[in-house]
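As a plain string of letters, each chain reads:
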Amino acid sequence: MIPVQLFEQFETLFATSPQGYSSAPGRVNLIGEFTDYNEGLVLPCALQFRTWVAYRLRDDNLIKAYSINYPDECEVIDLNEPVRHGLLHWGNYIRAIAYVYQKQGYQLGGLDILISSDVPQGAGLSSSAALEVSLGGALNQAFGLALSEQQIALLGQQAENEFMDCQCGIMDQLVSAKASQNQALMIDCQDLSIQHYPIPEDLALVVINSNFPRKLVESEYNLRRSDCMNAAAKMGVSSLREATMPLLETVRSKMTVNEFKRARHVITENARVVAAAKALLQDDLSRLSELMTASHTSLKQDFEVTVPATDGLVEICQQALGNRCATRMTGGGFGGAVICICHHEDVPKVIKAVSTQYCASFGLEETIYVAHAGDGLQTGVFEAAMAAHG
Ligand code: ADP
Ligand code: MG
């Protein structure tokens, strides 16, 4: 459904109607954490929360963008000049996209843009990837760039890596671009191939944001990354995807303790992704529960990216539902969110357990999203009926 509000707001702001739209979802990763930049496997799904972009071509070379989420601010980019960073943080994402598309030789032109989103920002649901993919879809359609969804995802990642200084992998943008309703996607980050796994209808996805203030995330993230690269180099493989536990054991004496532990997480996590996809296919929640618990333990002990608040949330869910829930931290770690997969009828129990225990133990207020797996990137033109609106 195209939000009527988006159409109306566009008319109010630009005194003309929008021509086309694009929308792309946020995501949650079910399992496969810190495997993407090691050319490994991940199993995310898109969410029902989406970022919409409405646009109209301009006859000059300016991109003029508003976001309903940042009222009264306007980002203006002059495409006749080299694209540099601006003053608005959110505006820099628009600049980042314009920068990489032009760098790759895609011909852009002036555009009026209005963004609107119900993807929670900074909650670990990747609102930034939703924005990059949605903007990419809009540019692709507006300027007839003939990009594939995979190319739109790669350009979004490049925008984060090269302009926003965030060395993320490809998972977030690829799932946002290529997801399908009610499906998890097993992405092989080595060749970007994707297999779809239906999420059983009786299962709910509960995402719980710890709201733990994330600090030093970038430097820790980079340290993990270099531990992984060093471990792979010492094993003589091009990435940890090529490594095995027996190989790791033979090289153990040449490694630092951290290199060994980071590699062990990635190797075992790749195997857990394959097993979890199979458990989803078999609608086997207790197997999924075992695998997600093992993933969390590995992220806590070997990759060392959990904090007491996210460990605590996992424990609260497990105490409430036992193996009737599959729970682990999800996303970049050092705080952020926990995913709890359980039967729909058990959702109130999770909410009750978390809301009575979490704040009392950690002094933080959680935010809970009851989610389901949504569709990937969609684009379209506003119908004549819509254009006649108002
Ligand atoms: P996450 O991707 O986990 O939600 P990030 O910090 O990577 O968190 O990205 C959030 C940033 O993306 C916001 O601070 C804002 O700059 C930008 N952003 C996301 N959604 C929107 C939106 N609807 N309108 C404008 N900017 C947005
Ligand atoms: Mg982000």
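In this numbering scheme, every chain counts its residues from 1 along its sequence in written order. Chain labels run from A onward and ligand labels from 1 onward, assigned in the order the entries are written. Only residues with pLDDT of at least 70 are given local features in this predicted model, and only at 80 or more are side-chain atom pairs given and counted; all residues enter the totals for whole chains, interfaces and linings. Where side-chain values are given, they derive from all heavy atoms of the structure, hydrogens and water being excluded.

**Quick notes on the pairing of strand S9 (residues 325-330)**
Argument step 1. The buried label applies to any residue whose accessible area, calculated with a 1.4 Å probe on protein chains only, is under 20% of its type's maximum; exposed applies above 50%, and partly exposed to all values in between. Helix and strand assignments follow DSSP, with helices taken as H or I runs no shorter than four residues and strands as E runs no shorter than two, numbered in order from the N terminus. With 6 of 6 residues buried, S9 is to be regarded as a mostly interior element.
Argument step 2. Bridge analysis of S9 against strand S10 (residues 337-343) gives 6 bridges, and the strand direction is antiparallel. Within S10, the residue paired with Cys 325 across the bridge is Cys 342.
Argument step 3. Two strands qualify as a pair provided that DSSP identifies no fewer than 2 bridges between them. Between S9 and S10, which pair antiparallel and follow one another directly, the connecting turn spans 6 residues, one of which, Gly 331, has a positive phi of 95°.

**Regarding the packing of helix H3 (residues 127-142) against helix H4 (residues 149-162)**
When two helices pack together, their arrangement is given by the angle between their axes and by how far apart the axes lie.
Argument step 1. At a closest axis distance of 9 Å, the pairing of H3 and H4 adopts a crossing angle of 125°. By the angle class used here, H3 and H4 are oblique. In the packing of H3 onto H4, the handedness of the crossing is right-handed. Where H3 abuts H4, its residues Ser 128, Ala 129, Glu 132, Val 133, Gly 136, Gly 137 and Asn 140 lie against Ile 152, Gly 156 and Glu 160.
Argument step 2. Along the lines of polarity and charge, the residues of the contact of H3 with H4 split into 3 nonpolar, 5 polar and 2 charged. Fitting a line to C-alpha atoms yields each axis, with helices limited to the stretch in contact; the angle taken between N-to-C directions then spans 0 to 180 degrees. An angle below 35 degrees is read as roughly parallel, one above 145 as roughly antiparallel, one from 65 to 115 as roughly perpendicular, and any other as oblique. The crossing is said to be left-handed when, going from far helix to near helix, the turn is anticlockwise and less than a right angle, and right-handed when the turn is clockwise. Contacts: residue pairs with any heavy atoms within 4.5 Å of one another. Each residue gets one of three labels, nonpolar for Ala, Val, Leu, Ile, Met, Phe, Trp, Tyr, Cys and Pro, charged for Asp, Glu, Lys and Arg, and polar for the others, Gly among them.

**Describing the site of ligand 1**
Argument step 1. Proximity criterion: a residue is near a molecule or strand once any of its heavy atoms comes within 4 Å of it. As a structural note, the neighbourhood of ligand 1 is formed by 16 residues, with Ser 67, Asn 69, Gly 122, Ser 127 and Ser 128 the closest of them.
Argument step 2. Definition of a polar contact: a pair of N or O atoms within 3.5 Å, with one able to donate and the other able to accept a hydrogen when the atoms are protein atoms, and with sequence-neighbouring residues admitted only if both atoms are side-chain atoms. In the environment of ligand 1, a nitrogen atom lies 3.0 Å from a nitrogen or oxygen atom belonging to the side chain of Asn 69.
Argument step 3. All accessibility values rest on the Shrake-Rupley procedure with a 1.4 Å probe; residue burial counts only the protein chains present in the view. Burial of ligand 1 by the surrounding chains reaches 83%, relative to a free accessible area of 560 Å².
Argument step 4. The distinction between a cavity and a pocket rests on a 1 Å grid over the protein atoms alone: a 1.4 Å probe fits inside a cavity but cannot get out, while a pocket stays open yet meets protein on both sides within 12 Å along at least five of seven lines, and a residue with an atom within 4 Å of a point counts as lining. Occupancy of a cavity or pocket is assigned to a molecule whenever over half of its atoms lie within 2 Å of that pocket's grid points. Among the detected pockets, ligand 1 sits in the largest pocket.
Argument step 5. Among the secondary structure elements, those contributing two or more residues to the shell around ligand 1 are helix H2 (89-103), strand S5 (111-117) and H3.

Functional significance is not addressed by these values, which are geometric in nature.
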